[in-house]
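# Fold and contact review
Listed here are the chains, written in short residue letters.
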Amino acid sequence: MKKPKKELTVDQKIKRRNFISFTIFGAFAAGTYAGWKWLYNSPEEITGITGGAHKPLRKALNKTELFFRRLTFSENHLVKTYPKSMAAKVVRHNSDIGSEGKLPPEQWKLQVTKNSGAILQISLEELKTLPKTEIVFDFKCVEGWDQVSHWGGVKFADFIDHYKLHEEAKLEYVGLETPDKQYYVGIDMPSAIHPQTLLAYELNDQPLPGKHGQPLRLIIPVKYGIKNLKRIGSINFSKTRPHDYWAEQGYDYYSGL
Ligand SMILES: Nc1nc2c(c(=O)[nH]1)N[C@H]1C(S)=C(S)[C@@H](COP(=O)(O)O)O[C@H]1N2
Ligand SMILES: [Mo]
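In this report, we go over the structure that sits alongside the text. (Residues numbered from 1 in each chain as written. Chains lettered and ligands numbered in written order. Predicted model: local features only at pLDDT ≥ 70, side-chain atom pairs only at ≥ 80, totals over all residues. Heavy atoms only, no water.)

Moving on, we come to the pairing of strand E7 (residues 198–203). Among the six residues of E7, six are classified as buried, and the element is accordingly described as predominantly covered. For strand E4 (residues 146–155) and E7, the ladder comprises five bridges, and the chain directions are antiparallel. Residue Val154 lies in a different strand from E7, and its bridge partner there is Leu199. Note that E7 and strand E8 (residues 206–207) share two bridges and pair antiparallel. Bridge pairing links Leu203 to Gln206 in E8. (Buried < 20%, exposed > 50% of the residue type's maximum accessible area, 1.4 Å probe, protein only. Helix = DSSP H or I, 4+ residues; strand = E, 2+ residues; numbered from the N terminus. Pairing = 2+ DSSP bridges.)

Here it is, written out as C-alpha cells:
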C-alpha cells in the first residue's frame, strides 16, 4: 500500500524555504570568499616593467589591452587635427623629469642603437635636413587637462626610412630615454610608425623651448602626454617591452587614447 503523502504545515514550509535560501546564499558567499582569497593569495607579478598587480589580474588587463588595440588601432586611423589658428599661444607645461632647464645644443646628439650594435649619432642640423611635418592636435595629459597645440619635426616613419632602420622597425618596441636616463618610455611599433608620430624640434614655428623638451621631443598624438617624452637622448629597438617610467608606477603601459 502507498504511504499517504504528509502535508507540510505553513510553518514547516517557511522553515524549509528559509533553509534552502540560506544554504544557497551561504554557498555563494563561500564561493566569493574562496575566489577573493585565491586572488589575494595569488602571486604578484615582479615589479619591473609594470607596477605590481596580482598575476591573474594582469593577465586579464593584458587581454583587455590587446582587445582594444585590435579594435581601435590602425595606421589609417588618424587623430583629429585643427587649424593652426586654434593652437594655444601659451602652451601648458607639465613635469620635467630628465629635461630640466636648457641643454647647450653643441652638447647634444641623438643616439640611435642599431641591431648590429652600431650607434648612430645624429645632430639637430642633420635632422632638420629631412622633410618637416607639422601637426596641430589636442594634447591630452592623464592628469585631466588637454590643449590644442602645434608641433613641427620629422615624422618617425620618415626617420626610419632615411636612416635605413627597416630591420629595427620589424621589432615590437621602441625605447626612448632622456640624455640623463631619468625619464624613459616604451612605445609599441605600430604607434611609433603611425603617420602622426613626430620627432619634434618646433613648437608654434619656433625651436622647442627648454621646458617643452628642447632640443628634440617625441610627439605621439595616439598616446597620452606621459608617452610624449621630452628631450630625447637615445632611441633603441627591441622585441620585449622597454622599461617605462610611469608603467613602473602602475600606469597603463599602452596609454593609448
Ligand atoms: N623628459 C620628460 N618628458 C616628459 C615628462 C617628464 O616629466 N619628463 N612628462 C610627461 C607628461 S606627464 C606630459 S603631460 C607631457 C607634458 O608636456 P609639456 O610640458 O610640453 O606640456 O610631457 C611628458 N614628457
Ligand atoms: Mo601628463
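There is more to say after this.
Another aspect to go through is the site of ligand 1. Around ligand 1 sit 20 residues, and of these Asn94, Ile97, His212, Arg217 and Lys230 come closest. Relative to its unbound accessible surface of 530 Å², ligand 1 loses 99% to contact with the protein. Its atoms largely coinciding with the cavity grid, ligand 1 occupies the largest pocket. Counted by class, the shell around ligand 1 contains seven nonpolar, eight polar and five charged residues. (Near = heavy atom within 4 Å. Areas by Shrake-Rupley, 256 points an atom, 1.4 Å probe, with all protein chains shown as cover. 1 Å grid on protein atoms, 1.4 Å probe; cavity = no way out; pocket = protein on both sides within 12 Å on 5 of 7 lines; lining within 4 Å. Sits in = over half its atoms within 2 Å of the grid points. Nonpolar A, V, L, I, M, F, W, Y, C, P; charged D, E, K, R; others polar.)

A few words on the layout of surface pockets. If you roll a probe as big as a water molecule over the atoms, it shows you where there is empty space left. Space inside the largest pocket adds up to approximately 380 Å³. Taken together, 27 residues form the lining of the largest pocket, with Asn94, Ser95, Gly225, Ile226 and Lys230 sitting closest to its centre. If you tally residues by element for the lining of the largest pocket, the top one is E4, at three residues. If you add up the space inside the second largest pocket, you get close to 260 Å³. In terms of lining residues, the second largest pocket is bounded by 17 residues, among which Leu61, Thr64, Glu65, Asp252 and Tyr254 are the most central. (Points joined across faces, edges and corners; volume = space filled by probe spheres on them.)

In terms of residue burial, E4 counts as a mostly covered element, since eight of its 10 residues are buried. Where strand E3 (residues 133–140) and E4 come together, eight bridges link them in antiparallel fashion. Note that in E4 the partner of Lys140 across the bridge is Asp146.

With respect to the helices and strands, the residue Arg17 is situated in helix H1 (residues 10–41). Counting along the chain gives 214 residues from Arg17 to Arg231, while the straight-line C-alpha distance between them is 70 Å.

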